[in-house]
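Here's the letter readout for the chains.
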Amino acid sequence: MIDDKLQTVLDQVLQRNPGEPEFHQAVREVLESLGRVVAKRPDYLDQALIERICEPERQIIFRVPWVDDKGQVQINRGFRVQFNSALGPYKGGIRFHPSVNIGIIKFLGFEQTFKNALTGMPIGGGKGGSDFDPRGRSDGEVMRFCQSFMTELHRHIGEYTDVPAGDIGVGGREIGYMFGQYKRLTNRYEAGVLTGKALFNGGSRARKEATGYGNTYFVQAMLGTRNESFDGKKVVVSGSGNVAIYSVEKAQAFGGKVIAVSDSSGYIVDEAGIELDLLKQVKEVRRARIDEYLQLKGESRGAYFIKAGEGSIWDVPCDVAMPSATQNELTGHDARTLVANKVIAVGEGANMPSTPDAVRTFQAAGVMFAPGKAANAGGVATSALEMQQNASRDSWSFEQTESRLAEIMRTIHDTCARTAEEYGAPGDYVLGANIAGFVRVAESMRELGVI
Ligand code: NDP
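Conventions we followed
- Position numbers for residues start from 1 in each chain and track the written sequence from start to end.
- With pLDDT at 70 or above as the cut-off, local features in this predicted model cover only qualifying residues; side-chain atom pairs require 80 or more to be listed or tallied, and sums for whole chains, interfaces and linings still use all residues.
- Water and hydrogen atoms were dropped before computing side-chain values, which therefore reflect all heavy atoms in the structure.
- Pairing between strands requires that DSSP locate at least two bridges from one strand to the other.
- The secondary structure listing takes helices from DSSP runs of H or I that are at least 4 residues long and strands from runs of E that are at least 2 residues long, numbered from the N terminus.
- Convention adopted: a line fitted to C-alpha atoms gives each axis, helices being fitted over their contacting stretch, and angles between N-to-C directions are expressed from 0 to 180 degrees.
- Every residue pair with non-hydrogen atoms within 4.5 Å of one another is taken to be in contact.
- Summary of the distance rule: residues count as near a molecule or strand when at least one heavy atom falls within 4 Å of that molecule or strand.
- Nitrogen and oxygen atoms within 3.5 Å of one another constitute a polar contact, given that in protein one can donate a hydrogen and the other can accept it, and given that sequence-neighbouring residues count only through two side-chain atoms.
- Per-residue accessibility takes into account occlusion by the displayed protein chains alone, with areas from the Shrake-Rupley method and a 1.4 Å probe.
- Residues are grouped as follows: Ala, Val, Leu, Ile, Met, Phe, Trp, Tyr, Cys and Pro are nonpolar; Asp, Glu, Lys and Arg are charged; all remaining types, including Gly, are polar.
- Where each domain starts and ends comes from a domain assignment, either automatic or drawn from a database.
- Expected helix span is taken as 1.5 Å per residue step, with the number of steps being one fewer than the number of residues.
- Here's how the labels work: a residue is buried when its accessible area is under 20% of the maximum for its type, exposed when over 50%, partly exposed in between, all with a 1.4 Å probe on protein chains only.
- Nonpolar cores are built from buried Ala, Val, Leu, Ile, Met, Phe, Trp, Tyr and Cys residues. Side-chain atoms within 4.5 Å join them into one set.
- Planes of paired rings set the category: under 30 degrees apart is stacked, over 60 is edge-to-face and the rest tilted, where pairs are Phe, Tyr or Trp rings (Trp by its six-membered ring) whose centres lie within 6.5 Å.
- Distance and angle both matter: a charge sits over a ring if NZ of Lys or CZ of Arg is within 6 Å of the ring centre and within 35 degrees of the ring normal.
- Accessible surface is computed with a 1.4 Å probe, and the buried area is the amount of it that two parts give up when combined, taken over both parts together.

## Digging into the sheet that holds strand β10 (residues 320-322)
Sheet strands associate in pairs through backbone hydrogen bonding, adopting either a parallel or an antiparallel arrangement. With mixed pairing, the seven strands of this open sheet are ordered in space as β9-β8-β7-β6-β10-β11-β12. Only two strands of the sheet have a single partner each, and these edge strands are β9 (303-307) and β12 (368-370). When the angles between neighbouring strand axes are averaged without regard to direction, this sheet yields 15 degrees. Pairing between β10 and strand β11 (residues 345-347): two bridges, direction parallel. Bridge pairing in β11 links alanine 321 to valine 346. Strand contacts of helix α8 (residues 242-253): β6 (234-237), β7 (257-263) and β10, with the helix running at about 175 degrees to β7, the strand carrying the most contacts.

Shown next as structure tokens:
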């Protein structure tokens, strides 16, 4: 249900942004939560504040030409959506995936604005990417693509303007190539312009681990509210990229038994518990498909591979589910299977991985549900810590950085829980995250006047 005045705002968004279903979905979810806020604080409807929050400050679309290993010219499309800079420079990752389009980048930038607000740090929201597919491309091709992408992007970013980071398809290698090209074009060693850099280029310890660790810290705090913990729990993590791998690592450190992971080719189950070193070898070193895990492990009881399209990773019974691949990967049907299999908690490592039907199903069944904009905020929070280290030309230890991350995740958890309670919906982390994030952005925008 959505308040009448907010429905008018939503109608405008739908009309102004046709053919962008993910963006519509993200806006609808936030507006659905704001009914309780405008009931208490009708002044938030003044000065088109909510309409302005739904409209990106700037959208940049550009051509990315590059030459492949065969000497053929390839063309991709690049995007950067600078959504909201009320709280600080735009901040948010860059995604390289063939599915990328302006609607997906807008949904991600919109989510990012509230997520960044929730961290309590001085960062605005943005997102970028390209429909380039790095899979199967040589290092040289990836480098030439990144250099061409940055040749245009560098005009629009800067440590006080917009600070991109990684996302799907963009890890340390790609950030390195982009930072190299930025430095060359600007003749400035401006370390604070990108985060997720290598350690010797001004990167932060624990940044790589931060999103997965952060989600696990959030879920641990949420489990704690019902006197539960990861200890002895069966855990399923979808994806096997940056967020998934470090969710597996931390869930195991907390005593959980992770029994399944996936990629776009399918999922593997290992009833004995996923062997983390083997998973890292397959994904971080060999950049291979997930079934190679089983080839390297050899014959083993309770270990098998299911091809994409022949089953869902959410068919695997578990106590804790951590969707960490991509948007709308967990459907209402999957959620009903998980509920029937007695899942107790869901922590979204990815952005908007659960469909609206899935979220409703979890909440109606009393499953503890942590939405991505709160649960996966550890990545961007640690990026902000990287910016702090760059600004002070300092480099913190792993322990110091991780303990800041743990503290930030605990604060985000408590803020969401407290806000949900204050607005009459205890335990509803979706409502808590949306309202707490919104209020911070809205208050800051109001101070700045109509801009
Ligand atoms: P990676 O590229 O490192 O890994 C993505 C993983 O998800 C891969 O295993 C990939 O499989 C799988 N995947 C991607 N798209 C699809 C798809 N359409 N269908 C099935 N599987 C898919 O990305 P990250 O781990 O960085 O990002 C994962 C999610 O977490 C995204 O939603 C991202 O926005 C979010 N996130 C990431 C943050 C970060 O710090 N990196 C911060 C906050 C959120 P394959 O290789 O086969 O494509």
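## Observations concerning the site of the ligand
As a structural note, the neighbourhood of the ligand is formed by 25 residues, with Asp167, Gly169, Thr211, Ser264 and Asn351 the closest of them. Interatomic distance of 2.7 Å between a side-chain N/O atom of threonine 211 and an oxygen atom of the ligand. Serine 264 places a side-chain nitrogen or oxygen 2.5 Å from an oxygen atom of the ligand. Coverage of the ligand by the protein chains reaches 82% of its 880 Å² of free accessible surface. Breaking the shell around the ligand down by element, the ones donating at least two residues are α7 (207-224), α8 and β7. Of the residues contributing to the shell around the ligand, the split by class is four nonpolar, 14 polar and seven charged. Residues from two domains meet in the shell around the ligand; each of domain 2 (56-191) and domain 3 (208-372) gives at least three.

## So, helix α5 (residues 139-153)
Here α5 is 15 residues long and its end C-alpha atoms lie 21 Å apart, about the 21 Å a rise of 1.5 Å per residue gives. Glu141, Val142, Phe145, Cys146, Ser148, Phe149, Met150 and Leu153 are the residues of α5 that are buried. Where α5 is buried, its residues meet β1 (58-67), β2 (73-84), β3 (90-96), β4 (125-130), β5 (162-165) and α6 (172-186).

## Focus on the nonpolar core
In this structure, Phe218, Phe230, Val237, Val261, Leu279, Tyr293 and Ile412 are the most contacted members of the largest nonpolar core, which totals 54 residues. Here this core spans two domains, and each of domain 2 (56-191) and domain 3 (208-372) adds at least three residues to it. Core analysis: the next-biggest nonpolar cluster, separate from the first, contains 41 residues, Leu10, Leu31, Leu108 and Met352 among them.

## Here's the deal with the packing of aromatic side chains
A full pass over the atoms with the stated rule returns 19 aromatic pairs. Look at phenylalanine 132 and phenylalanine 145: their rings are 3.9 Å apart centre to centre, the planes differ by 5 degrees, and that puts the pair in the stacked class. In this pair, phenylalanine 132 sits in the loop between β4 and α5 while phenylalanine 145 sits in helix α5, placing the two residues 13 residues apart along the sequence. Judged by its relative accessible area of 1%, phenylalanine 132 falls in the buried class. Site record: aromatic cluster; members linked through ring pairs are Phe62, Trp66, Phe96, Phe132, Phe145 and Phe149. Of note, lysine 40 hangs over the ring of tyrosine 423, and the distance from its end group to the ring centre comes to 4.4 Å. Cation over ring: lysine 250 sits above tyrosine 213, and NZ or CZ is 4.4 Å from the ring centre.

## Some remarks on unusual backbone geometry
The backbone of asparagine 187 sits at a positive phi, close to 60 degrees, despite the residue not being glycine. With respect to the helices and strands, the residue asparagine 187 is situated in the loop between α6 and α7. Of note in this structure, lysine 342 is not a glycine but carries a positive phi near 70 degrees. Residue placement: lysine 342 occurs in the loop between α11 (332-340) and β11. Residue classification places lysine 342 among the exposed positions, given a relative accessible area of 61%.

## Let's talk about the domain arrangement of the protein
When the domains of the protein are assigned, the result is domain 1 (1-55), domain 2 (56-191) and domain 3 (208-372). Once you take the C-alpha centre of each, domain 2 and domain 3 turn out to be 27 Å apart. In this complex, domain 2 contributes ten residues to the contact, which on the side of domain 3 involves nine residues. A combined buried area of about 750 Å² lies between domain 2 and domain 3, and 42% of that area is made up of carbon and sulfur atoms. Inspection of the domain 2/domain 3 interface yields three residue pairs in polar contact (both at pLDDT 80 or more).

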